[in-house]
Each structure stands twice: as C-alpha cells, then as structure tokens.
Amino acid sequence: MCGIVGYIGGKPAAPVLIEGLKTLEYRGYDSAGLAVLGTGGTTSVRSVGRIRDLESALPKRLVGKVGIGHTRWATHGPATQANAHPHRSEDGRISLVHNGIIDNAAGVREQLQRAGVTFTSDTDTEVVAHLIARSAADTLEGAVLDALGRIVGTYALAVLDERHPDRIVVARNGSPLIVGVGEKEMLVASDAAALVRHTTRVVHLDDGELATVTATGFTTFDRAARDTTRDPVEIEVAAAEWELTGHRHYMYKEMLEQPEKAAAVIRGRLDERFATARLNGLNLTPRELRAFRRVKLLGCGSAYYVAQIGAQLIEDLARIPADAEAASEFRYRNPIIEPDTLYVVVSQSGETADTAFAVQEIKRKGGQVLGVVNAVGSTIARAVDGGSISMPVPRSLSPPPRP
Ligand code: GLU
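For every chain, the first residue of the written sequence is number 1, and numbering continues from 1 onward in sequence order. Two thresholds apply to this predicted model, a pLDDT of at least 70 for residue-level local features and 80 or more for giving and counting side-chain atom pairs, whereas whole-chain, interface and lining totals are computed over all residues. As a rule here, side-chain values come from all non-hydrogen atoms in the structure, and water together with hydrogens is ignored.

Asker: Just to check I follow, could you spell out the sheet that holds strand β12 (residues 209-213) for this structure?
Answerer: The strands that make up a sheet are held in pairs by hydrogen bonds between backbone atoms, and each pair lies either parallel or antiparallel. Two strands form a pair only when DSSP identifies at least two bridges running between them. Only DSSP runs of H or I with at least four residues qualify as helices, and only runs of E with at least two residues qualify as strands; both kinds are numbered from the N terminus onward. Sheet architecture is open: six strands sit in the order β5-β6-β7-β8-β12-β13, paired in antiparallel fashion. Of all strands in the sheet, those bounded by a partner on one side alone are β5 (87-88) and β13 (218-222). Judged from the five bridges that link them, strand β8 (residues 168-173) and β12 form a sheet pairing that is antiparallel. Bridged to Ile168 within β12 is Val213. For this analysis, residues touch if any pair of their heavy atoms sits within 4.5 Å. Every axis in this analysis is a line fitted to C-alpha atoms, fitted for helices over the stretch in contact. Angles between the N-to-C directions lie between 0 and 180 degrees. Sheet strands in contact with helix α4 (residues 126-134) are β5, β6 (94-102) and β7 (153-161), and its direction is about 135 degrees off that of β6.

Shown next, in the form of structure tokens:
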C-alpha cells in the first residue's frame, strides 16, 4: 500500500500534490498519478516511474484548485500507465485514488462487465470508480456509501466528482487516512509527511469512517451517515523529520540518525540511580506490570529484528522470559493469548498492516498489548493499550558530508 494526497483550497492543486507525493516517495512505489478538477473538467496524468517523471508530464497550464494524487504499489495488475491511479468512471466524471486491496473486486468486475461496463485497467480499484458513477444517490457522499456497501477489503479512498467540484470525499478502512486542516485550504493524505508543510492540525480517520473536505472545512461521518465530526488535533513532529535534510537517501539518513534517536528515546526516561525506567503512556500500574510472566514482541521486517534484540535485552535486564515473533505470521496460526503475557508490537510507521492485524488478534482475545512506534496518531499507536513513542531527533543534527 502506498500513498495518497489530496488538496482543496485557494492555490493551484498540482504543485501541492507533486510536493506531497515527493514526501511519500520514501515509502517506495512503482507508478504515480494525479487528477485536478478545474473549470474545463478533470485533467488526469499518470506515469510509471518517479514523481519527477510525472511532474514533467504535466500540462503547462494546470490551475484547478482541487485535486488528488497517488503513488501506487501494485497489487492487482502490473506497473503500467493504465493501471496507475487515479482511476475514472467511463464518462470521466468520477476520479479516485485508492490504497489497499478490494477483496471481492473480481466478482464485482464480472457483474459490472455483464451490465456493459468497459474496464481500462487490471486493478481492483477501478470497480469502485464505476460503482460510484452508477449509484442513483444525488450526493457524492451517498454514492460513495453505496459503493462501499458493495465492496469488501481494505481501503483509503479519495474521490473527485465533476458534479460536485467543491469537495473531495474520502473513506478509510484498514489503510491510513488523515485530514489536514489549513487556513482556507484542506488536505487529505495517507501519511502526515505529506501534510506537515501546510498544516499540523489534523483529524485521523478511524476505520469505517468517511469525510467530506471542502476548501473551508470538513465533516466526518460513519457508514450509516451519522456525523462523527470532531476537533482536529495538533501533530507535534516538525516537517524536518520527513525531509532528507541534505542526505542522499532516506535509508542513509535513518541509519545515521540512529545514535541520536536512541539517545533521544532513552533521555529522561532511564533512571540509573534506582536502576529503573520511567516510560510514560504504558497505562499499567507497577503491580500490573509485575504480574506478567512472559513478554512477546512482534514486528515485521527490520522491526522484527528490533523485537529480537528487545527480547534478549528484556530477558537479560528484567529476567522475564521474552521472545520475538514475525507479526506477519501471527494471526494465521490462531495464537493462544495468555493473560499473563505482555505483548509488545514494534512498528516505525505505526501503519504496518500485518502488525496492526496482530494487535487486533491480541485484543480480540483479551490480551494486553503495548506499542513501540514512531508516529503519534498512527493506526497502531491508536489501537494499542499503551506504549512509548520516540522523541523527535534534535534539529541541530547537521547532515554529514556526502560519501
Ligand atoms: N490495489 C490497488 C492497485 O493495485 C492499490 C495498490 C496501492 O495501495 O498502491 O492498484
């Protein structure tokens, strides 16, 4: 799953979308695209490869002030221009971008084809554009709700409709989506990185939630169209966190920042004098903590390696049996969740889908789960019972000379 960014406000949308997509590049992607709605209708541009290729493929005059952009990591169909998002309805009225997987796309595609719809891509996403366009509802919100009623799967969706050019409608289920509240402009994104240059006031959508975003405001609602609108929260992390700040690659930047990050995480929390640590946000009393007989750490990829090291350290320092397991396998083996085991999930982004599913499995079976994540407000940070979030790296860290 990759990236989404959307803009509606007083400025031409395309440069904001391109800049937002560039900040999402660190997540990896195979193709990209954007759609901008202006007085002459929708302009949609898609390309395989880098964002700068997309940027150079844009028409000179692209002044529409509402638009959506996408970086794709293909799940259904190869990385081609035709499969890149945005996907459109046959009449071009609806454009949408999607992160995630529509599980019943094959069946819905067949039904739509039997009803005469011609598909132009291999993606699972395209069915959603056709479903929305074919809904009898007169509002875009109603049409999106109708379409969601027909699909099963995970999604973050952002939808444009030429009949309702004053809004973007977004929906979330299992893929992150954030609304950014600016001054007379609003953004949507799958990752705070794409918003922080414009605003730090955000609303994190919950699974099963939708939002209507206009240039001057937003409302959120659930699948039964009940209002769920709430005040935005302030995100604390500086925009520099997501910038390359002189480094050539994000991986290189992250590796070099490790000593600073590790020091920042421990600073003020480790109490050597009393041989203890004070971690805010665990939401467990010392008595509850002492009742645990085991610790199980879960993570995916490099977070799994972190979990392995963590298990060794916990055994060594706390003398409690601890082990690590790949979160991606966890829920498939119908795990026994023991009440005297403390589960700890590790995820840098807080959005690792398999780790989030492991949290759901633990909670469904009544287990206690803490998170070690690096993103406030992320899916995992909000799903766990408590946890620890690393501090931002000091701004004074100057980039090293390029190798
Ligand atoms: N499943 C969709 C596709 O293959 C979206 C993939 C993504 O999240 O980037 O186009």
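So much for the structure itself; the text now carries on.
Asker: Whenever I open this one, the pairing of β8 confuses me. Can you help?
Answerer: As a general feature of sheets, a regular strand has side chains that alternate between the two faces. Working definition: with a 1.4 Å probe on protein chains only, accessible area under 20% of the residue-type maximum means buried, over 50% means exposed, and in between means partly exposed. Of all the six residues making up β8, five are buried; the element is thus mostly covered by neighbouring parts of the structure. Count of turn residues in the β7/β8 antiparallel hairpin: six residues.

Asker: Sorry, what's going on with the packing of aromatic side chains here?
Answerer: Describing an aromatic ring pair means giving the distance of the ring centres and the angle of the ring planes. Any Phe, Tyr or Trp ring, taking Trp's six-membered ring, that has another such ring centre within 6.5 Å forms a pair; planes under 30 degrees apart are called stacked, those over 60 apart edge-to-face, and the others tilted. For the coordinates displayed, the defined rule picks out two aromatic pairs. When the ring of Tyr304 is compared with that of Tyr305, the centres are 6.2 Å apart and the planes differ by 40 degrees; the resulting orientation is tilted. Given the relative accessible area of 22%, Tyr304 is considered partly exposed. In this structure Tyr305 comes out as exposed when scored by relative accessible area, which is 55%.

Asker: Just checking my understanding: could you explain the site of the ligand for this structure?
Answerer: Residue proximity to a molecule or strand is established when one non-hydrogen atom of the residue lies within 4 Å of it. Not every one of the 16 residues close to the ligand is listed here, only the nearest: Arg72, Thr75, His85, Gly100 and Asp124. Between His85 and the ligand, the recorded distance is 2.8 Å, taken from a side-chain N or O atom to an oxygen atom. Whenever two N or O atoms come within 3.5 Å, that pair is a polar contact, provided that in protein one can donate a hydrogen and the other can accept it, and provided that, for residues adjacent in sequence, both atoms are side-chain atoms. The side chain of Asp124 places a nitrogen or oxygen atom 2.8 Å from a nitrogen atom of the ligand. Residue-level accessible areas treat just the shown protein chains as cover; the underlying method is Shrake-Rupley with a 1.4 Å probe. Alone, the ligand offers 300 Å² of accessible surface; in the complex the protein occludes 100% of this. Cavities and pockets were defined on a 1 Å grid built from protein atoms only: a cavity is a group of points that admits a 1.4 Å probe but offers it no way out, a pocket is an open group of points flanked by protein on both sides within 12 Å along at least five of seven lines, and a lining residue is one with an atom within 4 Å of any such point. Should more than half of a molecule's atoms lie within 2 Å of a pocket's or cavity's grid points, that molecule is taken to sit in it. Using a 2 Å cut-off from the grid points, one finds that the ligand occupies the largest cavity. Looking at the shell around the ligand, the elements with two or more residues in it are β4 (66-72) and β6.

Asker: Whenever I open this one, unusual backbone geometry confuses me. Can you help?
Answerer: Of all residues except glycine, most have a negative phi; of all peptide bonds, most are trans. Of note, the bond from His85 into Pro86 is cis; its omega dihedral lies within 30 degrees of zero at 5 degrees. The residue Pro86 is located in the loop between β4 and β5 in this model. Positive phi, normally seen in glycine, also occurs at Ala225, with a value near 65 degrees. Tracing the sequence through the fold places Ala225 in the loop between β13 and β14 (233-234).

Asker: Teacher, can you tell me more about the packing of helix α3 (residues 105-114) against α4 here?
Answerer: To characterise two packed helices, one gives the angle between the axes of the helices and the distance between these axes. Close contact between α3 and α4 brings their axes to 10 Å; oriented N to C, the two are set at 50 degrees. Of the possible angle classes, the one that applies to α3 and α4 is oblique. At the point where α3 passes α4, the crossing takes the left-handed sense. On the side of α3, the interface is formed by Ala105, Val108, Arg109 and Leu112, while α4 contributes Val127, His130, Leu131 and Arg134. Note on terminology: angles under 35 degrees are roughly parallel, angles over 145 are roughly antiparallel, angles of 65 to 115 are roughly perpendicular, and the others are oblique. Crossings are assigned a handedness: left-handed for a near helix turned anticlockwise from the far helix by less than a right angle, right-handed for a clockwise turn.

Asker: Could you clarify how one ought to interpret the nonpolar core in this entry?
Answerer: Looking at soluble globular proteins, one finds that nonpolar side chains tend to be buried together. Formed by 28 residues in total, the largest nonpolar core has its most connected members in Leu17, Leu34, Val36, Leu54 and Leu58. When residues of this core are traced back to their parent elements, those giving at least two are β1 (3-8), α1 (13-23), β2 (31-38), α2 (51-57) and β10 (186-189). Among the elements that make up this core, the one with the highest residue count is α1 (six residues). Once residues within four sequence positions are removed from consideration, Leu17 is found in contact with Val5, Gly6, Tyr7, Leu34, Ala35, Val36, Gly67, Ile68 and Gly69. For the purposes of this section, nonpolar cores are sets of buried Ala, Val, Leu, Ile, Met, Phe, Trp, Tyr and Cys residues that join through side-chain atoms within 4.5 Å.

Asker: In this structure, what is going on with the layout of surface pockets? I would like to understand it.
Answerer: Remark: the empty space left among the atoms is shown by a probe the size of a water molecule rolled over them. If you add up the space inside the second largest pocket, you get close to 390 Å³. Lining the second largest pocket are 17 residues, with Lys22, Glu25, Arg50, Leu244 and Tyr250 sitting closest to its centre. Contributions of two or more residues to the lining of the second largest pocket are made by α1 and α2. Taken together, the residues that form the lining of the second largest pocket break down as six nonpolar, three polar and eight charged. Grid points are joined across faces, edges and corners, and a volume is the space filled by probe spheres set on the points. When residues are sorted by character, Ala, Val, Leu, Ile, Met, Phe, Trp, Tyr, Cys and Pro go into the nonpolar class, Asp, Glu, Lys and Arg into the charged class, and all the rest, Gly among them, into the polar class.

Everything listed here is a matter of geometry and, on its own, says nothing about what the molecule does.
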